[in-house]
Amino acid sequence: MGNREKEVLPLKQRAIEILARLKRLYPDATCSLNYSTPVQLLVATILSAQCTDERVNKVTPALFDRFPDAESLAIADLVELENLVRSTGFYRNKAKNIQAACRMIVSEFDSVVPNQMEQLLKLPGVARKTANVVLGHAYGINVGVTVDTHVKRLSERLGLTQAKDPVRIEQDLMGLLPQPDWENWSIRLIYHGRAICKARSPVCIACELADLCPAANKPVVVG
């Protein structure tokens, strides 16, 4: 708990110990987005940018009922698509990227979401975060570490990276963690960020990682 004496371990050993504790704390952690197919996961992940998974999950049932696959999304009326995703924020840009990505999936990848990082990064609206989510959860392929706002914040607080850029943070984490755990590390860290290590009010006294965390019980600077 938060009153343990802090352990001083080499960085990689500390990362492995944090991983082991996260596995014990969140043994059933999985992707919070609801989806049935790789293209639905791709769309949901695009919608999750600057939006909660909970909100996305409220939007996607009607969206996928109306447009269940890449073919239907590729030819959807853009205004209708915008209205369906409006409450996720930045809806015009998200709708445009979803449609453009699905058109490319149909025209260049035989209507199948590609399972290679280089190909996924060609899709409009897809950066490494979205590509890692799709590869890890739709295809079971770990080629990187998903870095969202929770992972960025907690990785910095835990002293596992000094980088600010998500790509550099991802590289640092890949060097510390076993490849089979890359994607579920992110999911478990997200769970921990939601439950304990919140942005403005981390509950260090109840945190099972506090003795491994350089930032535990220190004032939070937000902004």
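About the criteria used
Residues numbered from 1 in each chain as written. Predicted model: local features only at pLDDT ≥ 70, side-chain atom pairs only at ≥ 80, totals over all residues. Heavy atoms only, no water. Axes fitted to C-alpha atoms, helices over the stretch in contact; angles between N-to-C directions. Helix = DSSP H or I, 4+ residues; strand = E, 2+ residues; numbered from the N terminus. Parallel < 35°, antiparallel > 145°, perpendicular 65-115°, else oblique. Left-handed = near helix turned anticlockwise from the far one by under 90°. Contact = heavy atoms within 4.5 Å. Nonpolar A, V, L, I, M, F, W, Y, C, P; charged D, E, K, R; others polar. UniProt positions renumbered as here; feature names shortened; annotations may be inferred. 1 Å grid on protein atoms, 1.4 Å probe; cavity = no way out; pocket = protein on both sides within 12 Å on 5 of 7 lines; lining within 4 Å. Buried < 20%, exposed > 50% of the residue type's maximum accessible area, 1.4 Å probe, protein only. Polar contact = N/O pair within 3.5 Å; in protein donor to acceptor, adjacent residues only side chain to side chain.

A. Geometry of the packing of helix H1 (residues 11-25) against helix H11 (residues 182-195). It is at 10 Å that the axes of H1 and H11 come closest, and there the two elements cross at 70°. One element, H1, and the other, H11, form an angle in the roughly perpendicular class. Relative to H11, the crossing made by H1 is left-handed. Of H11, the residues touching H1 (which contributes Ala15, Ile18, Leu19, Leu22, Lys23 and Leu25) are Trp185, Arg188, Leu189 and His192. Looking at side-chain class alone, the contact of H1 with H11 contains seven nonpolar, one polar and two charged residues.

B. Layout of the UniProt feature "domain: HhH-GPD" (unreviewed entry) in the chain. The UniProt feature table records "domain: HhH-GPD" (unreviewed entry) at residues 47-195. Along residues 47-195, the helical share is 64% and the strand share 0%, with 22 Å between the first and last C-alpha atoms.

C. Representation of the UniProt feature "binding site: [4Fe-4S] cluster" (unreviewed entry) in the chain within the structure. Mapped onto this numbering, the UniProt entry annotates "binding site: [4Fe-4S] cluster" (unreviewed entry) at Cys197, Cys204, Cys207 and Cys213. Taking the farthest pair of C-alpha atoms as the criterion, the annotated set spanning 17 residues converges on one region, since that pair is 10.9 Å apart. Those annotated residues lining the second largest pocket are, specifically, Cys197, Cys204, Cys207 and Cys213. In this fold, cysteine 204 is placed in the segment after H11.

D. Spotlight on the environment of serine 155. Its place among the elements puts serine 155 in helix H9 (residues 149-157). For serine 155, a relative accessible area of 0% corresponds to the buried category. Those residues in contact with serine 155, other than ones at most four positions away along the chain, are Leu160, Thr161, Ile169, Leu173 and Leu189. A polar contact of 2.7 Å, which involves the side chain of serine 155, links it to the backbone oxygen of valine 151.

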